[in-house]
Amino acid sequence: MTAPLIAAEGLVKHFPVRQDVFGRVSAQVQAVAGVSLAIAPNEVLGLAGESGSGKSTIGRLLLRLLDPTDGRISFAGQDVTALHDRGLRPFRRQAQIVFQDPIGSLDPTMTIGAAIAEPLRLQGMANGPELRERVGALLQAVALPAGYYNRHPNELSGGQRQRVVIARALSVDPSFIVADEPVSALDVSIQAQIINLLEEMRTRRGLAMLLISHDIALMEHLCDRIAVLYLGRVMEIGPARDLVRAPRHPYTEALVSAVPEAARAGRRRIILRGDIPNPANPPAGCVFHTRCPYAQPDCSRIVPEMRPVASGHLKACLRDDVP
Amino acid sequence: MTRRACGLVLILAVTFAALFAPLLTAYAPTQTGVFFLAPPDAAHWFGTDDLGRDVLSRVLHGGRASLVIGVGAAFVACVIGVPAGLLAGYCGGRVDLWATQVMNLCIALPGLVLALLITAVTGPSVLNIVLILGFVSWPRVARLVRGQAFLIREALFVEAARAAGADAVWIVPMHILPNVAGVIAAQFALTVAYAIFTSSSLSFLGLGIPPPSPDWGGMVRTGLDYLSINPAMGLAPSAAVGITVLGFYLLGSGTRG
């Protein structure tokens, strides 16, 4: 693999959930518990997992929208973990985000033009007529009429808003984008447009992307590699096709088997029993052992290390014989 | 008609009457006459007061002071309250804790009593009353703005702005303020109503604008003594206070928060 564009090492994020009378944290949730990832330039890494597995938290940590409890983040070789506010501005130009909710991510009091122009103004990249021109070009790039410049978000449909959000993210010409469930809030008929737009941006602009989703089929289509997350830990990471067609971790196998297409292809559907464990009190050993159909006594004692199973394909599972 | 429209009509009517008072009456508000305490008739619609002055003219002219005091006090309240509320709501944590305690302390003290005390010390003048009522009203504005800022701070579009490189200096004026503007406008109108009512109460208690300037609260106070001779002398300024306060109240409570 070439030198990574963005890399995270041993990322940990705790959220306090309870404080005692003295304001000390008495209980906390481990949203992310030691995750290491690297994304190469122009690579799309998918982040899969159930809700509550820490996918969005990782996206926000990578963009430094949240401060990690522990771990390091480096971007293009530079450590950005310790930077704050103005020190982060150059990094913010390079790394952008597209949120899941296109309604909430646009300020209702701002016009579409102002929303797209905001990152450019913040980064001091354009002003006056040039700014207007660039916003016009961006509207065109995401196939929105130029007349939308003075409209307000409430006049647009969900798909149009998401295109505004994408135009906004692209405005500063970033090299890395976190797309946090970019299509799950949209109608199925609109999803394809947005996916095509993302793909086009990637090929045309050479973007690297972290695609957060729970849609394995979509990720197989869009991503180079996929990382599967469970309870804030990476269970398996590998090339998208291999991972989806031949999962090596029991959890990935269960996730993949839940995709309707896979089920039709004659695969056995694995239904996980029980709920995702409480992240404030995760199980000992392998965190997945409470729901794993292949669990054996060792699984509740030993924390499995990430180990290679093929070139560029790693899993955190004690057993070699499954699935 | 909506509450807001009703309020607006009342406010416009009062403002019009106060602004064009000299054109609407034949008498100057301080012009005395020989017919004192006359009951209402065709020449003096609300009769005359104890010094023979036309009550209608005094009620209309008195609206000027009330409106200036009301709007001025609400302005002062917003000038202090909006930044304080934004700061507390956006910063959160320790800043918010202290700001909230100060607000609650001020809200716990009854506004009228506080205003009475300060006015007694500083002496009544239009400027003093504006400043004092503004000072008494700012915590309500601040508390409201704080709550809204606290909510909007968590909005996704604020996080999106941060992801684009924005800091507090950008986010507060560009995102938080425009989104609390509606609430501020509503609270502004309510504060005007409160300030007019409270300033009239102060005048009624003898701490109003010094005579002979016409002043609603003071007129009600004097009118009370002659209620049986010319009832309109006390009732007309009371009604004027009522209509004005109602107008601003309707406007404020009808505006979407």
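Nothing here was measured: the structure is a model prediction, and the numbers come from that model. (Residues numbered from 1 in each chain as written. Chains lettered and ligands numbered in written order. Predicted model: local features only at pLDDT ≥ 70, side-chain atom pairs only at ≥ 80, totals over all residues. Heavy atoms only, no water.)

**Q** Looking at this structure, how should I read the overall build of chain B?
**A** Tallying secondary structure elements over chain B gives 10 helices and zero strands in all. What you see in chain B, going N to C, is helices and strands ordered as α-α-α-α-α-α-α-α-α-α. Dimensions along the principal axes, computed over C-alpha positions, put chain B at roughly 75 × 40 × 25 Å. In chain B, buried positions account for 51% of the 257 residues. Across chain B, contacts joining residues at least 24 apart in sequence account for 74% of those joining residues at least 6 apart. In the structure as shown, chain B presents an accessible area of about 11,900 Å², 73% of it carried by carbon and sulfur atoms. For chain B, the separation between the mean place of its 13 positive charges and that of its 10 negative charges on side chains is 9 Å. (Helix = DSSP H or I, 4+ residues; strand = E, 2+ residues; numbered from the N terminus. Buried < 20%, exposed > 50% of the residue type's maximum accessible area, 1.4 Å probe, protein only. Contact = heavy atoms within 4.5 Å. Areas by Shrake-Rupley, 256 points an atom, 1.4 Å probe, with all protein chains shown as cover. Lys, Arg positive; Asp, Glu negative; His and termini not counted. Charge placed at Lys NZ, Arg CZ, Asp CG, Glu CD.)

**Q** I tried to follow a nonpolar patch on the surface on my own but got confused; where do I start?
**A** The grouping of F16, L19, F20, L23 and L24 of chain B at the surface amounts to a nonpolar patch, some 530 Å² of accessible area in total. Elements represented by at least two residues in the nonpolar patch include exactly α1 (3-19) and α2 (21-24) of chain B. (Patch = residues over 30% accessible without salt bridge, like charges linked within 9 Å, V, L, I, M, F, W, Y side chains within 5 Å. Salt bridge = Lys/Arg side-chain N within 4 Å of Asp/Glu carboxyl O.)

**Q** Even after reading the chapter, I still don't get the sheet that holds strand β10 (residues 233-239) of chain A, so can you show me in this structure?
**A** By definition, the strands of a sheet pair up through backbone hydrogen bonds, in either a parallel or an antiparallel sense. Residue and element names in this part refer to chain A. Read from one edge of the open sheet, eight strands run β6-β7-β8-β3-β9-β10-β12-β11, paired in mixed fashion. The open sheet has two free edges, formed respectively by β6 (95-98) and β11 (307-310), since each of these has just one partner strand. Mean inter-strand twist for the sheet, computed between neighbouring axes without regard to direction, equals 20°. Where β11 and strand β12 (residues 313-315) come together, three bridges link them in antiparallel fashion. Note on β12: the bridge partner recorded for P308 is L314. (Pairing = 2+ DSSP bridges. Axes fitted to C-alpha atoms, helices over the stretch in contact; angles between N-to-C directions.)

**Q** Please clarify how the nonpolar core should be interpreted in this entry.
**A** A general feature of soluble globular proteins is that nonpolar side chains tend to end up buried together. All names here are of chain A. Membership of the largest hydrophobic core comes to 64 residues, with the highest contact counts inside it found for I116, I166, C223, I226, Y251 and F288. It is helix α5 (residues 158-170) that contributes the most residues to this core, six residues altogether. Those residues in contact with I226 that sit more than four places away from it in its chain are L45, G46, A48, M219, E220, E236, I237, G238, A240, L243 and V244. The next biggest cluster of nonpolar side chains, apart from the first, holds 36 residues, and it includes L11, V32, F91 and V178. (Core = buried A, V, L, I, M, F, W, Y, C linked by side-chain atoms within 4.5 Å.)

**Q** What is the right way to look at the side chain of N179 of chain B in this model?
**A** Take N179 of chain B: it is sitting in helix α8 (residues 168-204). From its side chain, N179 of chain B meets the backbone oxygen of H175 of chain B in a polar contact 2.7 Å long. (Polar contact = N/O pair within 3.5 Å; in protein donor to acceptor, adjacent residues only side chain to side chain.)

**Q** Hey, could you run me through the side chain of D180 of chain A in this one?
**A** All names here are of chain A. Along the polypeptide, D180 turns up in strand β7 (residues 176-180). Residue class for D180 comes out buried when judged on its relative accessible area of 4%. Within the structure, D180 has its side chain in polar contact with the side chain of S56 (distance 3.0 Å). Excluding residues that lie within four positions of it along the chain, D180 makes contacts with S56, R60, V98, F99, Q100 and I212.

**Q** Got a minute to help me understand helix α9 (residues 250-257) of chain A in this structure?
**A** Each α-helix turn comprises 3.6 residues. Residues three or four places apart therefore point the same way. Burial of α9 of chain A is extensive: eight of the eight residues sit out of reach of the surface. The complete set of buried residues in α9 of chain A reads P250, Y251, T252, E253, A254, L255, V256 and S257 of chain A.

**Q** How should unusual backbone geometry be read in this particular structure?
**A** Leaving glycine out, the prevailing phi sign among residues is negative, and the prevailing peptide bond configuration is trans. Residue and element names in this part refer to chain A. In the Ramachandran plot, N42 falls in the positive-phi region, its phi being about 65° despite a non-glycine side chain. Relative to the helices and strands, N42 is located in the loop between β2 (25-39) and β3 (44-48). Accessibility expressed as a relative area gives 35% for N42, which makes it partly exposed. Unlike most non-glycine residues, R64 shows phi in positive territory, near 60°. Residue placement: R64 occurs in the loop between α1 (55-62) and β4 (70-75). Overall, R64 belongs to the buried group, its relative accessible area being 3%.

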